Amino acid sequence: MLLDPEKTLFIRGATPVLLLSEAPVHDALPVLAAPDGAVPRCDGWSIVPKLTMCVVDGPGEAGIVIPALVAPVIDDTDPPGGMAAWCTDAEAAGGAVVLSLDSLPEVLDWPRLLGSGTAHGGFLPGLF
């Protein structure tokens, strides 16, 4: 299923993050339990990060495709690298953290996101 890129937020970092809102895979992803900040691995899930599209694949029929080239990227590095750099980060990390939320946050408050009990997801290994 195709997810509108406006319902995503790609965040660069040593372990890159993909935030999803209103994702059809929300209920299929496990409820996130990471109050200490250690994000668990999502067994049976994987991510294929590419410049033009990103695939989040789960067990059975669960999965989404995101038109990544036009998706928003938070990139505070200097110089910024956008989606290509996010994909490089994901390859270096061996995957990415994927969090599915009811709506995208206006402010990134990691302790709140990781301990809210409403986020679903975890670390998804990458297929490169």
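Here, every reference points to the structure presented above.
Residues numbered from 1 in each chain as written. Predicted model: local features only at pLDDT ≥ 70, side-chain atom pairs only at ≥ 80, totals over all residues. Heavy atoms only, no water.

Quick look at the overall build of the protein now. When you go through the protein residue by residue, the secondary structure sums to two helices and eight strands. The N-to-C order of helical and strand elements in the protein reads β-β-β-β-β-β-α-β-α-β. Here the C-alpha radius of gyration of the protein, 13 Å, is about what a compact globule of 128 residues would show, namely 14 Å. Along the three orthogonal principal directions, the C-alpha set of the protein runs to about 35 × 30 × 25 Å. (Helix = DSSP H or I, 4+ residues; strand = E, 2+ residues; numbered from the N terminus. Rg over C-alpha atoms; globule rule 2.2 N^0.38 Å.)

All right, on to the nonpolar core then. One broad trend across soluble globular proteins is that nonpolar side chains are buried collectively. Core analysis: the biggest nonpolar cluster contains 24 residues, and Phe 10, Leu 18, Leu 20, Trp 45, Ile 47, Ile 66 and Trp 86 have the highest contact counts within it. Of all the secondary structure elements, the ones that give two or more residues to this core are β2 (17-21), β4 (54-57), β5 (63-66), α1 (82-93) and β7 (95-101). Looking at this core, the element that brings in the most residues is α1, giving four residues. Those residues within four positions of Trp 45 in sequence are excluded, and the remaining contacts are Val 25, Ala 28, Leu 29, Pro 30, Val 56, Asp 57, Gly 58, Pro 59, Ala 62, Leu 124 and Pro 125. Val 17, Leu 32, Val 97 and Leu 101 belong to the second largest nonpolar core, which has 13 residues in total. (Core = buried A, V, L, I, M, F, W, Y, C linked by side-chain atoms within 4.5 Å. Buried < 20%, exposed > 50% of the residue type's maximum accessible area, 1.4 Å probe, protein only. Contact = heavy atoms within 4.5 Å.)

Now for the pairing of β5. Consecutive side chains of a regular strand alternate in pointing toward one face of the sheet and then the other. The pairing of β4 with β5 spans four bridges and is classified as antiparallel. Across the sheet, the residue bridging to Cys 54 is Ile 66, located in β5. Linking two consecutive strands that pair antiparallel, namely β4 and β5, is a turn of five residues; a positive phi of about 65° is found at Gly 60 within it. (Pairing = 2+ DSSP bridges.)

Let us look at the state of the cysteines. The tally for this structure, following the rule as stated, stands at zero disulfides. With no disulfide partner, Cys 42 has as its closest neighbouring cysteine sulfur the one in Cys 54, 14 Å distant. When its relative accessible area of 2% is taken as the criterion, Cys 42 is described as buried. For the unlinked cysteine Cys 87, the closest cysteine sulfur is that of Cys 54, found at 6.9 Å. (Disulfide = S-S within 2.5 Å.)

Despite not being glycine, Glu 22 has its phi angle at roughly 50°, a positive value. Judged by its relative accessible area of 54%, Glu 22 is exposed.

Another aspect to go through is the pattern of salt bridges. Pairs may arise between side chains of opposite charge once their charged atoms sit close together. Counted according to the given criterion, the structure contains three salt bridges. Notably, a salt bridge pairs Arg 12 with Asp 75, separated by 3.2 Å at the nearest N-O pair. With Arg 12 in the loop between β1 (8-11) and β2 and Asp 75 in the loop between β6 (73-74) and α1, this residue pair connects regions lying 63 residues apart in the sequence. Under the relative-accessibility criterion, Asp 75 is labelled buried at 14%. One salt bridge in this structure joins Arg 12 and Asp 89, with 2.6 Å as the shortest N-O distance. One end of the pair, Arg 12, is in the loop between β1 and β2; the other, Asp 89, is in helix α1, and 77 residues separate them in sequence. Three or more residues joined by partner-sharing salt bridges are found here, namely Arg 12, Asp 75 and Asp 89. (Salt bridge = Lys/Arg side-chain N within 4 Å of Asp/Glu carboxyl O.)

On the surface, a nonpolar cluster with roughly 290 Å² of combined accessible area is contributed by Leu 51, Leu 69 and Val 70. Within the secondary structure layout, Val 70 lies in the loop between β5 and β6. Given the relative accessible area of 60%, Val 70 is considered exposed. (Patch = residues over 30% accessible without salt bridge, like charges linked within 9 Å, V, L, I, M, F, W, Y side chains within 5 Å. Areas by Shrake-Rupley, 256 points an atom, 1.4 Å probe, with all protein chains shown as cover.)

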